[in-house]
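Secondary and tertiary structure notes
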Amino acid sequence: MLVRPRDFEAIPEDALIKDTLGREEHVKAVCRAIAEMEGPAVVALDGGWGTGKTAVLAMCTAWLQSEFKITVVGFNAWSQSHTQMPLVDLVSVLTAQHKPAAGTLKKRVAAVGWHLAKFGTRGLVDRDVIAEATVSEDSWDNAEKETAEFKNQLQDWARASGPRGLVVCVDELDRCRPEYALSLLEVIRHLFDVPGVVVLLAINRSELSHSVKAIFGGDFSADRYLRRIVDRTVQLPVPQHLHRQEFLAHLLHDVGLAKHLSGPIGAGTQQMLLTVASPPGSLRDLQQAVVLVAMATASMLDPSGRLDPVHARSLIALIVLRTQAPDTYELLTGGKVGAIEAAVELSRAWPSAPAAAQGFDAGQLDDTKRLVEAELVMMGAVSARRSRFLEDFMPTYTAAGGDETIGTYVQAQLERWSKDPLARAGSIAMIADRIELFAQ
């Protein structure tokens, strides 16, 4: 079992083979546009948290290399911020990945980068900051000369890379400390602003705006600041339902859950799991939910390594409730409301309209909603009183404010399960205990 799904990787030989989110046309469109740019240019791939920006950037990197023979250098601002000096980190990665035409160029560019880093990024672009830091005028003049030399060398480097220049792909900027993120942006804008260089950033513009405001204050216009740095922004569309299914199938295989969530219980449980990624959720939320399911199910396997299908369905239904209606989840698992009340509240909280607007099929969501509600109600049924429970269900459900159409569906599911000799109520307390044990 993997508790950390494998990082997405794209290879130049077949850049799009691992595309599970239907991004092929987006990747090709972005790459074709970049291939026609002369630079300098800064292009941002903007997408919310967990929308697959890293995968798109990786596929762009590989396709630019294979299709257009462009020299591309990738920089992970989160994992490669070794020195906490953006210029040094970025130049070090560039010189490590790229072999320039001239043998000494790598050393010269690296040396320039280290020299400039001594003054700090903001000092390179703001004379007042240097004055306040009591840096001498000679130091300023030297920094100006080194800046010009750095940009000349970078331009030569880009020219030597090939007729289409150099593309620098920057990922994980959103995860960095605000100071580092903004310093890196200024390095890109002021030092990499040379002919032949195109920088492709993967960003969550909303989160990056928070970083800008954290540095400059809440009244500062973060949008205006980012527009001065980024020349063009590409808005990544939300993945469609079919592609989310492919992504989920990949995750289940990756963490070792596919063998447990297959057969008769597979379609229902996977259908319920997908709702974790419905608004306000994301693909990252779905990834975390899958890992939670993997750990909880591993703790509930019988001695032969099998998972009780009722426990699997109940586990995922509770996780969906925890995601979509957390307050109701707390009341249900704390014994303060019954399963019928919880199912009704989930129905009210279900984000059908917003979800449909963001790539989810409304009819599919409604079907899933009924399935989750049926699972929750089934958990509330006591086996010894099952026939009485079935008789009382509809009056109790409608009295609690439930939709009669949904109630009819749930009733049919309950009657079907009641005839199954293997069907039994899952233990809400036990399953919730496993969820909370591994949820953090």
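The structure we're discussing is the one just above.
Keep in mind that what you see is a predicted model, and the values were worked out from it rather than measured.

1. Focus on the side chain of Asp-19
- In this structure, Asp-19 sits in the segment before α1 (24-36).
- Arg-23 is the oppositely charged side chain nearest to the buried, salt-bridge-free Asp-19, at an N-O distance of 6.2 Å.
- Polar contacts involving the side chain of Asp-19 include one to the main-chain amide nitrogen of Glu-24, which spans 3.0 Å.
- Other than its neighbours up to four places away in sequence, Asp-19 contacts Glu-24, Met-59 and Glu-246.

2. As for the packing of aromatic side chains
- According to the stated counting rule, one finds 5 aromatic pairs in the structure shown.
- Taking the centre distance of 5.6 Å and the plane angle of 85 degrees together, the rings of Trp-63 and Phe-68 count as edge-to-face.
- When the ring of Phe-216 is compared with that of Phe-220, the centres are 4.6 Å apart and the planes differ by 25 degrees; the resulting orientation is stacked.
- Judged by its relative accessible area of 31%, Phe-216 is partly exposed.

3. Regarding the sheet that holds strand β5 (residues 232-235)
- Across the sheet, 5 strands lie side by side as β2-β3-β4-β1-β5; this open sheet has parallel pairing. The sheet is open, and its two edges are formed by β2 (71-76) and β5, each paired on a single side. Each neighbouring strand pair of the sheet contributes to a mean axis angle of 20 degrees, computed without reference to strand direction.
- Sheet topology note: the strand β1 (residues 41-46)/strand β4 (residues 197-203) ladder contains 6 bridges and is parallel. Directly across from Ala-44, in β4, lies its bridge partner Leu-201.
- In the packing of helix α8 (residues 178-191) onto the sheet, the strands contacted are β1, β2, β3 (166-171) and β4, and the crossing angle to β4 comes to about 160 degrees.

4. Quick notes on the pattern of salt bridges
- Counted by the stated rule, this structure contains 8 salt bridges.
- The salt bridge partner of Glu-24 is Lys-28, with a shortest N-O separation of 2.8 Å. One end of the pair is Glu-24 and the other is Lys-28, both in helix α1 and 4 residues apart, which spans about a single turn.
- Since its relative accessible area comes to 32%, Glu-24 is described here as partly exposed.
- Beyond isolated ion pairs, a larger network of salt bridges with shared partners links Arg-205, Asp-223 and Arg-227.

5. Considerations on α1
- Between its first and last C-alpha atoms α1 spans 19 Å; for 13 residues at 1.5 Å apiece the expected length is 18 Å, and the two agree.
- Residues of α1 that are buried include every one of Val-27, Lys-28, Val-30, Cys-31, Ile-34 and Ala-35, and no others. Looking straight down α1, one finds that the buried residues subtend no more than 165 degrees of arc, so they occupy a single side. Facing away from the buried side of α1 by over 90 degrees, the exposed positions are Glu-25 and Glu-36.
- In this structure, the buried side of α1 is in contact with β1, α2 (53-68), β3, β4 and β5.

6. Section: the packing of helix α11 (residues 241-255) against helix α13 (residues 283-298)
- Their axes nearest at 10 Å, the elements α11 and α13 cross at an angle of 35 degrees. Classified by chirality, the crossing of α13 by α11 is right-handed. Judged by residue contacts, Arg-244, Phe-247, Leu-248, Leu-251, Leu-252 and Val-255 of α11 engage Leu-283, Leu-286, Gln-287, Val-290, Val-291 and Ala-294 from α13.
- Taken together, the residues of the contact of α11 with α13 break down into 10 nonpolar, 1 polar and 1 charged.

7. Details of unusual backbone geometry
- A cis amide bond links Gly-39 to the next residue, Pro-40, at an omega of 10 degrees.
- On the secondary structure map, Pro-40 appears in the loop between α1 and β1.
- Not every positive phi belongs to a glycine, and Lys-69 is a case in point at roughly 55 degrees.
- Among the secondary structure elements, Lys-69 is positioned in the loop between α2 and β2.
- Its identity is not glycine, yet Glu-172 carries a phi of approximately 60 degrees, on the positive side.
- Of note, Glu-172 is situated in the loop between β3 and α8.
- The class for Glu-172 is buried, based on a relative accessible area of 17%.

8. A closer look at the packing of helix α14 (residues 309-324) against helix α21 (residues 428-438)
- Running from N to C, α14 and α21 point in directions that differ by 65 degrees, and their axes come no closer than 10 Å. As α14 packs across α21, the resulting crossing turns out to be right-handed. In this structure, α14 contributes His-311, Ser-314, Leu-315, Leu-318, Ile-319 and Arg-322 to the contact, and α21 contributes Ile-428, Met-430, Ile-431, Ala-432, Ile-435 and Glu-436.
- The class makeup of the residues in the contact of α14 with α21 is 8 nonpolar, 2 polar and 2 charged.

9. Considerations on the nonpolar core
- If you look at the biggest cluster of nonpolar residues, it comprises 46 residues, and the most contacted ones within it are Leu-273, Leu-286, Val-290, Leu-318, Leu-321 and Leu-376.
- At the level of elements, α11, α12 (266-274), α13, α14, α15 (326-333), α16 (339-349), α18 (362-380) and α21 are the ones that each hand at least two residues to this core.
- Beyond its immediate chain neighbours, meaning those up to four positions away, Val-290 contacts Leu-248, Leu-251, Leu-252, Val-255, Leu-257 and Leu-273.
- By size, the runner-up hydrophobic cluster in this structure holds 40 residues, among which are Ala-44, Leu-87, Ala-158 and Ile-203.

10. Some details on the environment of Ser-278
- Position of Ser-278 among the secondary structure elements: in the loop between α12 and α13.
- Linking Ser-278 and Gln-324, residues 46 residues apart in sequence, is a C-alpha distance of 8.9 Å.

11. A closer look at α15
- Listed in full, the buried residues belonging to α15 are Thr-328, Tyr-329 and Leu-332. For α15, the buried positions fall inside an angular range of 105 degrees around the axis, keeping them on one side. Exposed residues on α15 whose side chains face more than 90 degrees from its buried face are Asp-327 and Glu-330.
- Once α15 ends, the next one or two residues include Gly-335, with phi positive near 75 degrees.

Conventions we followed
- Residues numbered from 1 in each chain as written.
- Predicted model: local features only at pLDDT ≥ 70, side-chain atom pairs only at ≥ 80, totals over all residues.
- Heavy atoms only, no water.
- Helix = DSSP H or I, 4+ residues; strand = E, 2+ residues; numbered from the N terminus.
- Buried < 20%, exposed > 50% of the residue type's maximum accessible area, 1.4 Å probe, protein only.
- Lys, Arg positive; Asp, Glu negative; His and termini not counted.
- Salt bridge = Lys/Arg side-chain N within 4 Å of Asp/Glu carboxyl O.
- Polar contact = N/O pair within 3.5 Å; in protein donor to acceptor, adjacent residues only side chain to side chain.
- Contact = heavy atoms within 4.5 Å.
- Phe/Tyr/Trp six-rings, centres within 6.5 Å; stacked < 30°, edge-to-face > 60°.
- Pairing = 2+ DSSP bridges.
- Axes fitted to C-alpha atoms, helices over the stretch in contact; angles between N-to-C directions.
- Expected span 1.5 Å × (residues − 1).
- Arc of directions from axis to C-beta.
- Left-handed = near helix turned anticlockwise from the far one by under 90°.
- Nonpolar A, V, L, I, M, F, W, Y, C, P; charged D, E, K, R; others polar.
- Core = buried A, V, L, I, M, F, W, Y, C linked by side-chain atoms within 4.5 Å.

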